[in-house]
Amino acid sequence: SQQGEEDPQALSIQEGENATMNCSYKTSINNLQWYRQNSGRGLVHLILIRSNEREKHSGRLRVTLDTSKKSSSLLITASRAADTASYFCATDLISNFGNEKLTFGTGTRLTIIP
Amino acid sequence: GAVVSQHPSRVICKSGTSVKIECRSLDFQATTMFWYRQFPKQSLMLMATSNEGSKATYEQGVEKDKFLINHASLTLSTLTVTSAHPEDSSFYICSARVTGITDTQYFGPGTRLTVL
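Owing to the predicted nature of the structure, the values given are computational and were not obtained by experimental measurement.

Caption draft 1: Representation of the nonpolar core within the structure. In terms of nonpolar packing, the biggest core is built from 26 residues, with Trp-35, Tyr-58, Phe-67, Ile-69, Leu-79, Tyr-92 and Leu-113 of chain B touching the most fellow members. Where this core is concerned, the elements lending two or more residues are β2 (10–13), β3 (19–25), β4 (32–38), β5 (44–51), β7 (67–73), β8 (76–81), β9 (90–98) and β11 (111–115) of chain B. Looking at which element gives the most residues to this core, the answer is β9 of chain B, with four residues. Excluding its chain neighbours within four sequence positions, the residues that come into contact with Tyr-92 of chain B are Gln-6, Ile-21, Tyr-36, Arg-37, Met-47, Phe-67, Leu-79, Gly-110, Thr-111 and Leu-113 of chain B. Ile-13, Leu-61, Ile-76 and Ala-85 of chain A belong to the second largest nonpolar core, which has 22 residues in total.

Caption draft 2: Quick peek at the sheet that holds strand β1 (residues 4–7) of chain B. Residues and elements named next belong to chain B. Spatially, β1-β3-β8-β7 is the arrangement adopted by the four strands of the open sheet, whose pairing is antiparallel. At either end of the open sheet lies a strand with only one pairing partner, and these are β1 and β7. Sheet twist, expressed as the mean angle between neighbouring strand axes with direction ignored, is 15°. Pairing between β1 and β3: four bridges, direction antiparallel. Directly across from Val-4, in β3, lies its bridge partner Ser-25.

Definitions and limits used
Residues numbered from 1 in each chain as written. Chains lettered and ligands numbered in written order. Predicted model: local features only at pLDDT ≥ 70, side-chain atom pairs only at ≥ 80, totals over all residues. Heavy atoms only, no water. Core = buried A, V, L, I, M, F, W, Y, C linked by side-chain atoms within 4.5 Å. Buried < 20%, exposed > 50% of the residue type's maximum accessible area, 1.4 Å probe, protein only. Helix = DSSP H or I, 4+ residues; strand = E, 2+ residues; numbered from the N terminus. Contact = heavy atoms within 4.5 Å. Pairing = 2+ DSSP bridges. Axes fitted to C-alpha atoms, helices over the stretch in contact; angles between N-to-C directions.

So far we have only geometry, and geometry alone does not tell us how the molecule works.
Listed below in structure tokens is the structure:
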């Protein structure tokens, strides 16, 4: 089953606007990561936020984490056409087998309209 | 940055045949590699965790005899889909953890498998 649920499932905005995506998860985590995937391609790591951090920035990206609500948000400011992609959150936790593993959310398909 | 490659990028095969997909870490050693599958417009589902020199750990519901994983070296893991069926058609993605840095995974570009 999915650890993370993301909303919205799909988002279309005008170029230059900000895009916000949310992720909720169910269990305690070590960290939460955001990835981007262009259609039919592999994943690109965007940013990692640890469980003891509340906010992190990387260029036009801003990620927040609220462990009390088990939720995270990804904000992309001043969006560009090249930001069109699917965005996934992934939680890093210890599996039943003792391995650390990533569990992915359902994803948000972001479309930037030129 | 760390690079993970997959080969082939696309493969089409007939039902009943077996297909092998390779995942290589090109410029780093990966003690642990992961295999995911992704159906169209859906998320990635972890299939198994592969540790170098030991048996893979499969997620619940994944048939280990159907999806054979071998992690023979610190830079190579292979996934063999045995006796493939059309329902095995999917996008398979591997990732690798940098040895000693457990919270960094690097993903391969994926392999599109189509079973006719």
